[in-house]
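# Working through the structure, step by step
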Amino acid sequence: MTDSPKKMDELIRFFREREKELECIYRIEEILKAPHETVAEIFGAIVEAIPPGWQYPEVCAARISMGTDVYTSSGFAETPWVQKADITVQGKTAGERGGYYTKERPLADDGPFLTHEARLLKAIADRLGGFVLHRRIEEAAGAAELKEEGEREGAWEVILDLLRQTDPSLFATVSEK
């Protein structure tokens, strides 16, 4: 009989952690939907939305690196307690998303981190990669439209320009032919 309350407490804790992770994902999706925000504003908001999704939000900090740009949450400090995931755009590493604990925490599934946190980290990194690709395509399409208005290029030139900006290796292959 004494085992039952302990199991209930564990179950409640499990579901509270999943709730925090879902809230984190929902918040990030809301941030990514802001059409007029810059990438810097969006990534700045995302690094602040990430720590509440982790097991120990009071000592959690986040960092997103994209090329030479780095975005960090308040209270960020690089520590040995880190989880990282690559942000890939079109199959190439474009950046990195990291979650750090600023103070030592008890061991869990992966150091001080939960297995579910690693999955959340990967999901966020994947979503950021998709966002970056979408923004690049939007920018290329916008540039192509401006070019088309000014020069009235042929449709194939617009497509090649878009391809050059979004997938340089495919552009090189097509250009050779």
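Structure's up top.
None of these values were measured; they are calculated from a predicted model.

On to the packing of aromatic side chains. This structure, assessed with the given rule, holds six aromatic pairs. Ring geometry for tyrosine 56 versus tyrosine 101: centroids 5.6 Å apart, planes at 70°, classification edge-to-face. A residue pair is termed long-range when its members are at least 10 positions apart, and tyrosine 56 in the loop between helix H2 (39-49) and strand E1 (60-66) and tyrosine 101 in strand E4 (residues 92-101) qualify at 45 residues. Residue tyrosine 101 is classed as buried on the basis of its relative accessible area of 0%. The rings of Phe43, Tyr71 and Phe131 are connected pair by pair, giving a single aromatic cluster. When the ring centre of tyrosine 56 is taken as origin, the NZ or CZ atom of arginine 105, which lies over that ring, is 5.3 Å away.

The set of residues buried in H2 consists of Ile42, Phe43, Ile46, Val47 and Ala49. On an axial view of H2, the arc spanned by its buried residues comes to 160°, and they lie on one face.

If you walk through the whole model with that rule in mind, you get eight salt bridges. The salt bridge involving glutamate 29 is made with arginine 127; its shortest N-O contact spans 2.7 Å. One end of the pair, glutamate 29, is in helix H1 (residues 3-32); the other, arginine 127, is in helix H3 (residues 115-151), and 98 residues separate them in sequence. Residue classification places glutamate 29 among the partly exposed positions, given a relative accessible area of 25%. By relative accessible area, arginine 127 is classed as partly exposed at 30%. As a salt-bridge pair, glutamate 96 and lysine 84 come within 3.8 Å of each other at their nearest N and O atoms.

Cut-offs applied
Along each chain, residues carry numbers from 1 onward, in the same order as the chain's sequence is written. Only residues with pLDDT of at least 70 are given local features in this predicted model, and only at 80 or more are side-chain atom pairs given and counted; all residues enter the totals for whole chains, interfaces and linings. With hydrogens and water stripped out, all remaining heavy atoms of the structure feed into the side-chain values. For Phe, Tyr and Trp, rings pair up if their centres lie within 6.5 Å, where Trp contributes its six-membered ring, and each pair is then called stacked (planes under 30 degrees apart), edge-to-face (over 60) or tilted (otherwise). Runs of E in the DSSP output that reach at least two residues are strands. Runs of H or I that reach at least four are helices, and both are numbered from the N terminus. For every residue, the accessible area (1.4 Å probe, protein chains only) is compared with the maximum for its type, and the residue is labelled buried under 20%, exposed over 50%, or partly exposed between those bounds. Only lysine NZ and arginine CZ atoms are considered, and such an atom sits over a ring when it is within 6 Å of the ring centre and within 35 degrees of the ring normal. Picture the helix axis, draw a direction to every C-beta atom, and the arc is the one those directions span. The term salt bridge refers to a pairing of a side-chain nitrogen on Lys or Arg with a carboxyl oxygen on Asp or Glu at a separation within 4 Å.

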